[in-house]
Amino acid sequence: APPSSAKKKFEGKVEEKLVEEAKNSAAPSPPKKYHPSVCHKDGYIDCLTTKQVTALEEFRKIFENSEYDPSDWIDTSAESIDYLYLRFLRARGFDVKKSQRLLTEDLKWRKEKKVKDLKKKQEKEILNCDPALIHEQLPVWHQGYDKEGRPVIYKKFGNFKMWEVTKHTNLENMVDHHLWQMLSYMDMCRENSKKLNCIVETVTCVIDAKDWRLSLFTKEATKFLYRISKIDSDHFPERMGKLIVINAPMLLSVAWKVIRGWLDPRTQAKIQIVRGPSVYEPLLKSVIDEEQLCNEYGGKAESARPKMVKKTSKMERAATG
């Protein structure tokens with residue numbers, strides 16, 4: 001007798017599973033070690049304490065039976081699911097329940113937010129305006145990698161006028177744009193992991209605070225900074241490798257001396273706030289090779305800063321009008 005349709009369907013699923021397993025077995029395995037210059041005390045795959053190993057094993061079991069699948073958000077040729085689990089565990093001091101809540105909420109949010117669809121969009125589509133108009137107020141760009149293989153992101157926040165930005169787009173679009181940028185930085189980490197055959201899971205960020213003043217710290221600017229910092233902490237935990245603020249005005253430097261006392265030593269170690277070129281250039285060169293460092297900040301690499309909107313003079317406008 002000919003096989004039933006149910007049997008055919010079952011056999012088809014088995015065949016699909018076998019094909020998928022064959023693909024996975026043929027896929028390159030992710031790197032298992034960090035860059036040789038990286039030295040962790042504990043909490044990472046290469047240096048877990050007995051207590052941390054137990055927490056990781058418990059975490060694995062929880063998400064093996066979860067309705068949300070964390071493996072949807074990794075590239076298995078670049079990172080193991082354990083690396084993702086450990087980032088969330090480190091973010092909550094290896095408290096399994098708190099870490100579980102953080103990851104579950106993240107996975108729910110990514111599904112509801114349709115993050116995968118957002119990632120496929122073009123920058124102009126997300127901002128709903130010419131991106132150059134936004135880069136004019138808030139230049140953000142990726143340029144090169146640091147000595148540990150981490151992508152280097154530059155941000156010129158010093159003269160950021162939120163009221164000028166909202167002439168072209170709105171707060172929600174700006175927050176989505178930041179999320180879109182973060183997703184691209186994570187892809188850069190994965191690609192460099194495969195290229196270097198070592199674990200790269202964080203970024204180095206250089207923030208230029210030149211010309212920053214209290215008048216720029218408006219209600220809308222505060223909302224924006226809060227929203228993007230919330231995205232980073234809730235959905236990209238343990239992704240900041242180093243944050244260097246340069247050209248910091250005296251007011252910011254003094255404030256940092258107070259703020260750093262509120263932070264744990266681990267977070268403090270990732271953040272440095274310094275003033276002019278005589279201080280920041282040697283600091284940046286200790287983290288980033290000169291050939292990779294942007295020439296705006298003492299390096300030899302031609303600046304990849306986004307192009308600004310070309311401004312025309314009254315005479316030029318009259319001539320073309």
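Preceding block: the structure.
Because the structure is a prediction, the values reported are computed rather than measured.

**Student:** Summarise the overall build of the protein; cite the residues concerned and give the values.
**Tutor:** When helices and strands are counted, the protein shows 14 helices and five strands. For the protein, the proportion of its 321 residues judged to be buried stands at 43%. Taking as baseline every contact in the protein between residues at least 6 positions apart, the subset at least 24 positions apart corresponds to 74%. Put simply, the protein shows about 18,600 Å² of open surface, and 53% of that area lies on carbon and sulfur atoms.

**Student:** Which residues make up the side chain of His177, and what are the values?
**Tutor:** Among the structural elements, His177 can be located in helix α9 (residues 171–196). Residue classification places His177 among the buried residues on the basis of a relative accessible area of 4%. What His177 contacts, discounting residues up to four positions off in sequence, is Glu123, Ile126 and Leu127.

**Student:** An account of the packing of aromatic side chains is needed here, citing residue identities and associated values.
**Tutor:** Scanning the model with the defined rule gives nine aromatic pairs in all. A ring pair is formed by Trp141 and Tyr154, whose centres lie 5.3 Å apart and whose planes are at 15°; its orientation type is stacked. Of the two residues, Trp141 sits in strand β1 (residues 140–145) while Tyr154 sits in strand β2 (residues 151–156), which places them 13 residues apart along the sequence. Both residues of the pair, Trp141 and Tyr154, belong to the buried class. By way of ring pairs, the aromatic residues Trp141, Tyr154, Tyr280 and Tyr297 are connected into one cluster.

**Student:** Which residues make up the pattern of salt bridges, and what values do they have?
**Tutor:** Using the criterion set out here, one finds 24 salt bridges in the structure. Arg90 is paired through a salt bridge with Glu201; the nearest N and O atoms lie 3.4 Å apart. Here Glu201 lies in the loop between α9 and β3 (203–208) and Arg90 lies in helix α3 (residues 81–91), a separation of 111 residues in the sequence. When sorted by exposure, Arg90 lands in the same class as Glu201, which is buried. Among the ionic pairs, Arg227 bridges to Glu172, the shortest N-O distance being 3.0 Å. Of this pair, Arg227 sits in helix α10 (residues 219–235) while Glu172 sits in helix α9, placing them 55 residues apart in sequence. Salt bridges linked by common partners bring Glu79, Arg87, Arg90, Lys119, Asp187, Arg190, Glu201, Glu238 and Lys270 together as one network.

**Student:** I'd like a description of the environment of Tyr185, backed by residues and values.
**Tutor:** Mapped onto the elements, Tyr185 comes out in helix α9. The spacing of Tyr185 and Val203 is 18 residues in sequence and 7.5 Å in space, taken between C-alpha atoms. If we skip the residues at most four places from it in the chain, Tyr185 touches Val140, Pro151, Ile153 and Val203.

**Student:** Describe the nonpolar core, and please don't skip the residues or the numbers.
**Tutor:** One finds Leu103, Leu179, Tyr185 and Phe224 to be the most contacted residues of the largest nonpolar core, which totals 58 residues. Sort the elements by how many residues they give to this core and α9 lands first, with 11 residues.

**Student:** Break down a positive patch on the surface for me, with residues and values.
**Tutor:** The grouping of Arg92, Lys97, Lys98 and Arg101 at the surface amounts to a positive patch. Relative to the helices and strands, Arg101 resides in helix α4 (residues 96–113). Overall, the relative accessible area of 52% leaves Arg101 in the exposed class.

**Student:** Describe helix α2 (residues 50–64), listing the residues and the values that go with them.
**Tutor:** Taking 1.5 Å of rise per residue, 15 residues should cover 21 Å, and α2 covers 21 Å from first to last C-alpha, within 8% of that figure. Along α2, the residues classified as buried are Gln52, Ala55, Leu56, Phe59 and Phe63. Each buried residue of α2 sits inside an arc of 100° when the element is viewed along its axis, so together they form one side. When the buried face of α2 is taken as reference, the exposed residues oriented beyond 90 degrees from it are Thr50, Lys61 and Glu64. Elements in contact with the buried residues of α2: α3 and α4.

**Student:** Outline the sheet that holds β3, listing residues and values.
**Tutor:** Whenever strands of a sheet pair, they do so through backbone hydrogen bonds, lying parallel or antiparallel. Taken together, the five strands give an open sheet; going across it, the order is β1-β2-β3-β4-β5, and neighbouring strands pair in mixed fashion. Strand pairing shows two members of the sheet lacking a second neighbour, β1 and β5 (271–273), which therefore form its edges. For this sheet the average axis-to-axis angle between neighbouring strands, irrespective of direction, equals 20°. Here β2 runs beside β3; their pairing, made up of five bridges, is parallel. Paired with Ile153 across the bridge in β3 is Cys205. Where helix α13 (residues 277–287) meets the sheet, its contacts fall on β3, β4 (240–246) and β5, and the angle it forms with β4 comes to roughly 160°.

The rules behind each value
- In this numbering scheme, every chain counts its residues from 1 along its sequence in written order.
- With pLDDT at 70 or above as the cut-off, local features in this predicted model cover only qualifying residues; side-chain atom pairs require 80 or more to be listed or tallied, and sums for whole chains, interfaces and linings still use all residues.
- In computing side-chain values, all of the structure's heavy atoms are included and hydrogens and water are not.
- Strands here are runs of E lasting at least two residues and helices are runs of H or I lasting at least four, both read from the DSSP assignment and numbered beginning at the N terminus.
- Here's how the labels work: a residue is buried when its accessible area is under 20% of the maximum for its type, exposed when over 50%, partly exposed in between, all with a 1.4 Å probe on protein chains only.
- We call two residues in contact when some of their heavy atoms are within 4.5 Å.
- Exposure was quantified through the Shrake-Rupley algorithm and a 1.4 Å probe, taking into account, for residues, occlusion by the shown protein chains and nothing else.
- Between rings of Phe, Tyr and Trp, where Trp is taken as its six-membered ring, a pair exists when centres lie within 6.5 Å; planes separated by under 30 degrees are stacked, by over 60 edge-to-face, and by other angles tilted.
- Counted as salt bridges are all cases of a side-chain nitrogen of Lys or Arg within 4 Å of a carboxyl oxygen of Asp or Glu.
- Among buried residues, those of type Ala, Val, Leu, Ile, Met, Phe, Trp, Tyr and Cys that are joined through side-chain atoms within 4.5 Å constitute a nonpolar core.
- Surface patches are defined over residues having more than 30% relative accessible area and no salt bridge, joining like charges when they lie within 9 Å and nonpolar side chains (Val, Leu, Ile, Met, Phe, Trp, Tyr) when within 5 Å.
- Neither His nor the chain ends is counted toward charge; the positive residues are Lys and Arg and the negative residues Asp and Glu.
- For this purpose, a charge sits on NZ of Lys, CZ of Arg, CG of Asp or CD of Glu.
- Expected helix span is computed as 1.5 Å times (number of residues minus one).
- As used here, the arc belongs to the directions running from the helix axis to the C-beta atoms.
- Strand pairing is defined by DSSP finding a minimum of two bridges between the two strands.
- Axis definition: a line fit to C-alpha positions, over the contact stretch in the case of helices; interaxial angles, taken between N-to-C directions, run 0 to 180 degrees.

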